[in-house]
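Reading the structure
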Amino acid sequence: MTTPERPKLQTYTLSSGYVLPSIHAWPPFFTQQRNPTIIADQISHWTRIILSYARHRRLFVLRIQDADLREDNQWSEIFWNPRIKRVMKPRHLETLIESMVNAGEAAYEPPRQTSSVLIFWRTPEEWAELLHEWATNTGHLNTILTFYEIIEPEVPSQFTDMPLPLLRKALNTLTKTGRAQIIERAEGGGVRFFAR
Amino acid sequence: MNRRPGLAGFEFQTQSLQSYAALSSTLSQNQIDALHSQLAQFRAALSRFASEHRQDIRRDPAFRPCLSTDVRLHWCRPARGGRCRAEYTDSGTAWRGYQVVNVGDRLMVRSSVKELDGDQATILALAQRMGGRFEEQHLVDETRWTIDRTRVAMDNMVIRDGLCWVDEQDDARVSYWVPSAMVWDE
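Residues numbered from 1 in each chain as written. Chains lettered and ligands numbered in written order. Predicted model: local features only at pLDDT ≥ 70, side-chain atom pairs only at ≥ 80, totals over all residues. Heavy atoms only, no water.

Looking at chain B in UniProt, the text filed under Sequence similarities (unreviewed entry) is "Belongs to the SNF8 family." (UniProt positions renumbered as here; feature names shortened; annotations may be inferred.)

By the naming in an unreviewed UniProt entry, chain A goes by ESCRT-II complex vps25 subunit and is assigned to Hydnum rufescens UP504. Recorded in UniProt for chain A, the comment headed Sequence similarities (unreviewed entry) runs: "Belongs to the VPS25 family."

Here it is, written out as structure tokens:
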């Protein structure tokens, strides 16, 4: 008896240029598995896809309702695979989100709910370093910058569209080491960066 | 035996194999040939692994004993026929428990201390033949097991052993998938 050619699972390049790993073409990848070792493996693959896709598309927020959507959603390219007719289910995504939060790869935002997270394809600490570096290189030390000026600059920057809660988390890590001071005003907050 | 750098330890003791063989009056020449061929393949697989991961093996103290440990091969008569097993053991290195197992007509290296039981071997062989995906009914047809018996076996594969993945979005309601039956691009 001869064994048939083994089916081949291939990577897939999306129109945006993002390359989906071959496991994304494997139908059971879209079902929550039941063995602890396999679950850990599955979570790590999904987490890597979510974080790298988010970085690729500059997505900052993930919600449980992003699951089970087959179109018109910024996440549907990874949560829906029409080539194998498989889709991420909300309960599955909830578990993934929970594990990402536990691993420090995401944070519930707003706090005290579990259906929406900020995702950390850069950690708040990494964002903090980038912000401080940027302020230093662009001559913004010791002057007050509004949050608005940072996340909605006239010339698009690496901080464009960064959610305010994420900016605050990043700045908070700088205030702890005296490298920034947050200024709260009625018309919106601001920050002053200091040299080390 | 052809030696390669860094592989001094991977020398199989064929003498030991022969002495085992001599003890058994029922071993056929075919089985011995088959085992020798398995060993050659296993050795080739180890060579590939060692050359691909040479840096890691050198760097990681847990692997280092592999470079100097004798590898002994034991082989047992299959309990219920049809399955030869070459077990690869040494004394307490990272390689302990690696096994070459026959699954269908394919040879697999299994990195676990536990050996495949009869159900696991049957199910993995079915999965290989089916191209990596099968349904409960395929297993019933194959084995003539009762539904209850089949479900227990599949629960073991899925939950206890983690040898099969489940797909609950299949047209068949549930299907089972075995990664080793597929070729992975990446």
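A word on the overall build of chain A. The number of helices and strands found in chain A is six helices and eleven strands. Burial analysis of chain A (196 residues in total) assigns 43% to the buried set. For chain A, the exposed area adds up to about 10,100 Å²; of that, 51% sits on carbon and sulfur atoms. Here chain A holds 23 positive side-chain charges and 21 negative ones, and the gap between their average locations is 5 Å. (Helix = DSSP H or I, 4+ residues; strand = E, 2+ residues; numbered from the N terminus. Buried < 20%, exposed > 50% of the residue type's maximum accessible area, 1.4 Å probe, protein only. Areas by Shrake-Rupley, 256 points an atom, 1.4 Å probe, with all protein chains shown as cover. Lys, Arg positive; Asp, Glu negative; His and termini not counted. Charge placed at Lys NZ, Arg CZ, Asp CG, Glu CD.)

Here we come to the sheet that holds strand E5 (residues 133-134) of chain B. Residues and elements named next belong to chain B. If you trace the three strands from one edge of the open sheet to the other, you get E5-E7-E6, paired in antiparallel fashion. Only two strands of the sheet have a single partner each, and these edge strands are E5 and strand E6 (165-170). Bridging between E5 and strand E7 (residues 173-177) involves two bridges; their strand directions are antiparallel. What sits directly across from Phe134, in E7, is Tyr176. (Pairing = 2+ DSSP bridges.)

At the interface, 27 residues of chain B touch 30 residues of chain A. Note on chain B versus chain A: buried area summed over both sides is about 2,700 Å², and carbon and sulfur give 57% of it. Of all residues in chain B, the largest losses of buried area upon contact with chain A belong to Trp165(B), Gln169(B) and Val183(B), amounting jointly to 29% of the total for that side. Here chain B is connected to chain A by three salt bridges. Close ionic contact of Asp167(B) with Arg86(A) constitutes a salt bridge, the shortest N to O distance being 2.7 Å. Joining chain B to chain A, the criterion identifies ten residue pairs in polar contact (both at pLDDT 80 or more). For the side of chain B that touches chain A, the secondary-structure elements that each account for two or more residues are helix H4 (118-129), helix H6 (147-160), E6 and strand E8 (183-184) of chain B. Sheet analysis places strand E1 (residues 8-9) of chain A next to E8(B), joined by two bridges and oriented parallel. (Contact = heavy atoms within 4.5 Å. Buried area = accessible area lost by both parts, 1.4 Å probe. Salt bridge = Lys/Arg side-chain N within 4 Å of Asp/Glu carboxyl O. Polar contact = N/O pair within 3.5 Å; in protein donor to acceptor, adjacent residues only side chain to side chain.)

With that out of the way, let us pick up helix H4 (residues 124-137) of chain A. Residues and elements named next belong to chain A. The terminal C-alpha atoms of H4, which comprises 14 residues, lie 20 Å apart, in line with the 20 Å expected from a rise of 1.5 Å per residue. Of the residues making up H4, those classed as buried are Pro124, Trp127, Ala128, Leu130, Leu131, His132, Trp134 and Ala135. At its buried positions, H4 is contacted by strand E9 (144-146), helix H5 (147-151), helix H6 (164-176) and strand E11 (190-193). Phi turns positive one or two residues past the end of H4, at Gly139, with a value near 70°. (Expected span 1.5 Å × (residues − 1).)

Attention now moves to the packing of aromatic side chains. Applying the stated criterion across every chain, the model contains 16 aromatic pairs over all chains. With centroids separated by 5.2 Å and ring planes inclined at 65°, the aromatic side chains of Trp26(A) and Trp184(B) adopt a geometry described as edge-to-face. Here Trp26(A), found in the loop between strand E3 (19-20) and helix H1 (36-57), pairs with Trp184(B), found in strand E8, and the two come from separate chains. Given the relative accessible area of 29%, Trp184(B) is considered partly exposed. Between Phe29(A) and Phe30(A), the ring centres sit 6.1 Å apart and the planes meet at 85°, which makes this aromatic pair edge-to-face. With respect to class, Phe29(A) is no different from Phe30(A); both count as buried. Through successive ring pairs, a cluster of aromatic residues spans Tyr18(A), Phe29(A), Phe30(A), Trp46(A), Tyr53(A), Trp75(A) and Phe79(A). (Phe/Tyr/Trp six-rings, centres within 6.5 Å; stacked < 30°, edge-to-face > 60°.)

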